[in-house]
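This is what each chain is made of:
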Amino acid sequence: MGPMKLLLRLFATFHGIIALLFVCAALLLIVIAAHAGMTALTEGVNEAAAQGIIQAIGIAAVAVVALQIAQTIMEEEVLRAAHVSGPTRVRRFLSRFMVVVVVSIAIEGLIATFKALRDDPSELPYAASVLVAVGVLMAGWGYFIRCNRDAEELEPEAMQQAKSEDRKLAK
């Protein structure tokens, strides 16, 4: 085995370890979210419980982000051994990542909005800025996809290869 193949296997191993750490973090966050939700419910059915449940949802959303990142790392860097370099791979990788990031930030913005409305209305500008950031991220992401789509048309074989790999992973 050549030194380059050994180095690539080492990188794949490190990516696998990182993915495992993301899974462990997600599992801990799920436990924390469940505990926070149960604690909120034991305090009675009131506005404080609603706030606790909303915060538990936010923590669970971060757990989903961690799991999605772990899945993306495993699929792209370990199972496929695909190095994100071509336009198709970059778009696919970033799109998967952006979905979970945008959803998580949107949930955080909603939690901040509910909290500000309930506790401290002077915090509403912060909550609004988080939600505006979601809009800016989505607009930038849409622009990136549009520009990337043009680049993908220059190398249609990369899209076919990615679809072929998807079918292999689904089996």
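Residues numbered from 1 in each chain as written. Predicted model: local features only at pLDDT ≥ 70, side-chain atom pairs only at ≥ 80, totals over all residues. Heavy atoms only, no water.

Visitor: I keep staring at the overall build of the protein chain and nothing clicks. Help me out?
Guide: When helices and strands are counted, the protein chain shows five helices and zero strands. Each helix and strand of the protein chain, ordered N terminal to C terminal, gives the series α-α-α-α-α. Counting all 171 residues of the protein chain, 30% fall into the buried class. Contacts spanning at least 24 positions in sequence make up 72% of the contacts within the protein chain whose residues lie at least 6 apart. Counting only carbon and sulfur atoms, one obtains 72% of the accessible surface of the protein chain, whose full area is about 10700 Å². (Helix = DSSP H or I, 4+ residues; strand = E, 2+ residues; numbered from the N terminus. Buried < 20%, exposed > 50% of the residue type's maximum accessible area, 1.4 Å probe, protein only. Contact = heavy atoms within 4.5 Å. Areas by Shrake-Rupley, 256 points an atom, 1.4 Å probe, with all protein chains shown as cover.)

Visitor: Would you mind showing me how to read the environment of Tyr 126 here?
Guide: Relative to the assigned elements, Tyr 126 resides in helix H4 (residues 124-152). Taking the C-alpha atoms as reference points, Tyr 126 and Gly 109, separated by 17 residues in sequence, lie 8.6 Å from one another.

Visitor: Please clarify how the nonpolar core should be interpreted in this entry.
Guide: General note: in soluble globular proteins, nonpolar side chains tend to be found buried as a group. Within the largest apolar cluster, six residues are counted, these being Ala 19, Val 65, Ile 69, Ala 70, Ile 73 and Val 100. Per-element accounting of this core gives the leading share, four residues, to helix H2 (residues 47-79). When neighbours within four sequence positions are excluded, Ile 73 is seen to be in contact with His 15, Ile 18, Ala 19, Phe 22 and Val 78. (Core = buried A, V, L, I, M, F, W, Y, C linked by side-chain atoms within 4.5 Å.)

Visitor: Help me understand a nonpolar patch on the surface in this model?
Guide: Nonpolar side chains collect at one region of the surface, where Met 4, Leu 7, Leu 8, Leu 10, Phe 11, Phe 14, Ile 17 and Leu 21 lie side by side and expose about 760 Å² of accessible area between them. Within the fold, Ile 17 resides in helix H1 (residues 3-42). (Patch = residues over 30% accessible without salt bridge, like charges linked within 9 Å, V, L, I, M, F, W, Y side chains within 5 Å. Salt bridge = Lys/Arg side-chain N within 4 Å of Asp/Glu carboxyl O.)

Visitor: Please explain the pattern of salt bridges as it appears in this structure.
Guide: Once their charged atoms are close, side chains differing in charge can pair, the charge on each being opposite to the other. Under the definition given, this model contains one salt bridge. In this structure, Asp 119 and Arg 118 form a salt bridge, with 3.0 Å as the shortest nitrogen-oxygen distance. For Asp 119, a relative accessible area of 47% translates into the label partly exposed.

Visitor: Would you explain the confidence of the model for the protein chain in this entry?
Guide: A low pLDDT means the predicted coordinates there should not be read in detail. Per-residue pLDDT for the protein chain has a mean of 83; in total, 84% of the residues score no lower than 70. When pLDDT is averaged over each element of the protein chain, H1 comes out on top at 92 and helix H5 (residues 156-170) at the bottom at 62. (pLDDT = per-residue confidence, 0-100.)

Visitor: It is not clear to me how the side chain of Thr 72 should be interpreted in this structure. Could you clarify?
Guide: Structurally, Thr 72 is set in helix H2. A polar contact is formed between the side chain of Thr 72 and the backbone oxygen of Gln 68, at a distance of 2.9 Å. In this structure, Thr 72 is in contact with Glu 77, Phe 93 and Arg 96, ignoring residues within four places of it in sequence. (Polar contact = N/O pair within 3.5 Å; in protein donor to acceptor, adjacent residues only side chain to side chain.)

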